[in-house]
Amino acid sequence: MLAERAPEARVFRRTLPYLRPHRAMLAGALLVVLGCAAAVAATPPLIGRAADAIVDRDRGALAAAVAALAVVAVAQIALARWSELLLMRAGERVVRDLRDRSVERLTHAPLRFLEAHRTGDLLRRTTSESAELAQFVRRDLPNLVVITATLLLTTATLVVYSWLLTLVVAVVFVPPALLALRGFRRGAEEAFGGQAAAEATVAATLSETLTARELLRTGGALPGWLARARGENRAVVAAARRTARVEVNIELVSLIEGAATAVLLGLGAWLAAEGRLSVGAVVVFVLASRALFEGLGDGSQLIGELQLARTGLARLVDLLESPGGRPITGSSGGDGLPARGELTVEGAAYAYLDGTPVLDGVDLRFPPGDRVAIVGPTGSGKTTLGKILAGLYPPDQGRVAYCGTDLRELSGTALSRLVALVPQEVHILTGTVADNLALVPGGPGRAEIAAAVERLGLRTWIEGLPDGLDTPVGMRGERLSAGERQLIGLARAGLIDPAVLVLDEATADIDPVTAGWAERALGELCAERTLIVIAHRPATVGLLARTVRVTGGTVAEEAATAPTASMERP
Ligand SMILES: Nc1ncnc2c1ncn2[C@@H]1O[C@H](COP(=O)(O)OP(=O)(O)OP(=O)(O)O)[C@@H](O)[C@H]1O
């Protein structure tokens, strides 16, 4: 389970493996950044030389200094632009890579893992947090190089021009500036981390508001939900205020910088008057010391930005490294497995939460062509059993096997060809009926879809739709009734032609006409195939050959029921 605030220990080191594939490009870009920092550091000594040339009325030296300044300025602009381009490209590549990895992680993650997290939280980790890493590459990493290089080069410049003034800066001004920065850093960790977590909570709630809109409007839960959302929103504002308060500390550094400039100017003027320092050296000193304080100020800003990046990166790396993100499917293509065969469950146990098993010690056999109803009270674990049978939930103990092969060994495609699940809530994507029917392995064409519809006796239903197979289903299928969604699920199963079909019957009321179509399609589908129906309607139970009852996490066979003609094999 991923924590809202991911562990941040050694997060930058944990990020390095994701940057490694792009190290050549990053190293090149950072080298250019270093050149740019050197050009910046060379500016004060050149201005100082120009100042001395003016004082000495040396035109030649002035012209040389001005020409050198122009060259340095042009080089600085060119290098800055070049490094920007390189870093942008490197950042985009890193993000592309990470998005690919995140999508792969999420699509392979066990359902238990996905269900345990709020959609908004996972979305934020894969989008905003990936962008955070791009920012880190594009902005924070070069800033780190520039600031470190500037601090080193300007300190060297200061020592070379006047060790006495350097001592004053180092003893009188640097310690209070460092103290202010330390205060900022301490507050920043809490404030920036808290702000990122509060924003993630709001994003997760917004996303849930959209998915739960019907419940919120009809279920009377809206006032409570709005109060909760307002509370979370207030928490974001409070967190942002805390961040702003912490940032005020940076102003302290600016204050110290101003005082240092004034003192250095006075002291420098006195030393120059005494003839112990040239005017140029004083100019260099004032400019370099300003650069030093600016470097310290930028450094403190950077600490805040790195903190934000650290929080985001920790959440992203947490997702990429999570054990819950390990793929559930194997690699076997199922070659050699017969198209029809026996499905067995051996000692299967499953728990959503540690220590509270929903199913325990389940043993079942489904010979080829079996037709079984699974019944039991609400919440007894029927749907869970259906997902275990279809290989969607690998059992915590025991196994589910097709002709002796554990479903975990099969690749996703091989598994879905052998065992298909039509869930209670058939998942529909925005698009047309045909688009949704094509969402099966192999991506069937129009002719195959039409043939399957015909075979399952669904042609009349399709022809009754405004545009037949091209009828738009609305956002996530909102224009379809619960029964029609199950018809789409059944038609998808017909296109897959699986050995075992697990149908989790819709609990919502289905009108008699749609129920008739569903029953007919099911009758066609169960030919030679194993059919396991999680039956919510007594009428369905009567149509199947045997009944398995789920109670208290265990299963038991019930007395045989005589199947009616409509579900008999043709
Ligand atoms: N994603 C989940 N996370 C935690 N617990 C879950 C989850 N899904 C189901 N459960 C719990 O597992 C138990 C079995 O649920 P399941 O949906 O399998 O029952 P069911 O027999 O199919 O119920 P129904 O007849 O209402 O569809 C229930 O107590 C339910 O609360």
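Before reading further, recall that the structure is shown in the block above.
Remember, predicted model here, so these are calculated numbers, not experimental data.

## Re helix H11 (residues 382-389)
Turning to step 1, where the next piece is worked out: Summarising burial for H11: 7 of the 8 residues are buried, a large majority.
Turning to step 2, where the next piece is worked out: Three or more residues of H11 are buried, namely Lys 382, Thr 384, Leu 385, Gly 386, Lys 387, Ile 388 and Leu 389.

## Some thoughts on unusual backbone geometry
Turning to step 1, where the next piece is worked out: Its identity as a non-glycine residue notwithstanding, Arg 57 has a phi of 55 degrees, on the positive side.
Turning to step 2, where the next piece is worked out: What makes Arg 57 exposed here is the crowd of 8 C-beta atoms within 10 Å.
Turning to step 3, where the next piece is worked out: Backbone geometry places Asp 497, a non-glycine residue, at a positive phi of 60 degrees.
Turning to step 4, where the next piece is worked out: Here Asp 497 shows up in the loop between helix H16 (482-496) and strand E7 (500-504).
Turning to step 5, where the next piece is worked out: A residue is classified by how many C-beta atoms lie within 10 Å of it, and Asp 497, with 15 of them, is partly exposed.

## As for the environment of Ala 39
Turning to step 1, where the next piece is worked out: Relative to the helices and strands, Ala 39 is located in helix H2 (residues 23-55).
Turning to step 2, where the next piece is worked out: For Ala 39 and Val 71, which are 32 residues apart along the polypeptide, the C-alpha to C-alpha distance reads 9.4 Å.
Turning to step 3, where the next piece is worked out: Contacts of Ala 39, omitting those with residues within four sequence positions, involve Val 72, Ala 75, Gln 76 and Leu 79.

## Points about the environment of Phe 12
Turning to step 1, where the next piece is worked out: Relative to the helices and strands, Phe 12 resides in helix H1 (residues 11-19).
Turning to step 2, where the next piece is worked out: The exposure class assigned to Phe 12 is partly exposed, which follows from the 16 C-beta atoms found within 10 Å.
Turning to step 3, where the next piece is worked out: When the C-alpha positions of Phe 12 and Ala 309 are compared, they lie 9.3 Å apart, and in sequence the two are 297 residues distant.

## Quick look at the sheet that holds strand E5 (residues 405-406)
Turning to step 1, where the next piece is worked out: The 4 strands lie next to each other as E2-E1-E4-E5, forming an open sheet whose pairing is antiparallel. Either end of the sheet is taken by a strand with one partner, and the two such strands are strand E2 (356-366) and E5.
Turning to step 2, where the next piece is worked out: Its contacts with the sheet place H11 against strand E1 (343-353), E2 and strand E4 (397-402), and it is angled at close to 125 degrees to E1.

Cut-offs and rules
Residues numbered from 1 in each chain as written. Predicted model: local features only at pLDDT ≥ 70, side-chain atom pairs only at ≥ 80, totals over all residues. Buried ≥ 20, exposed ≤ 12 C-beta atoms within 10 Å, placed from the backbone. Helix = DSSP H or I, 4+ residues; strand = E, 2+ residues; numbered from the N terminus. Contact = placed C-beta atoms within 7 Å. Pairing = 2+ DSSP bridges. Axes fitted to C-alpha atoms, helices over the stretch in contact; angles between N-to-C directions.

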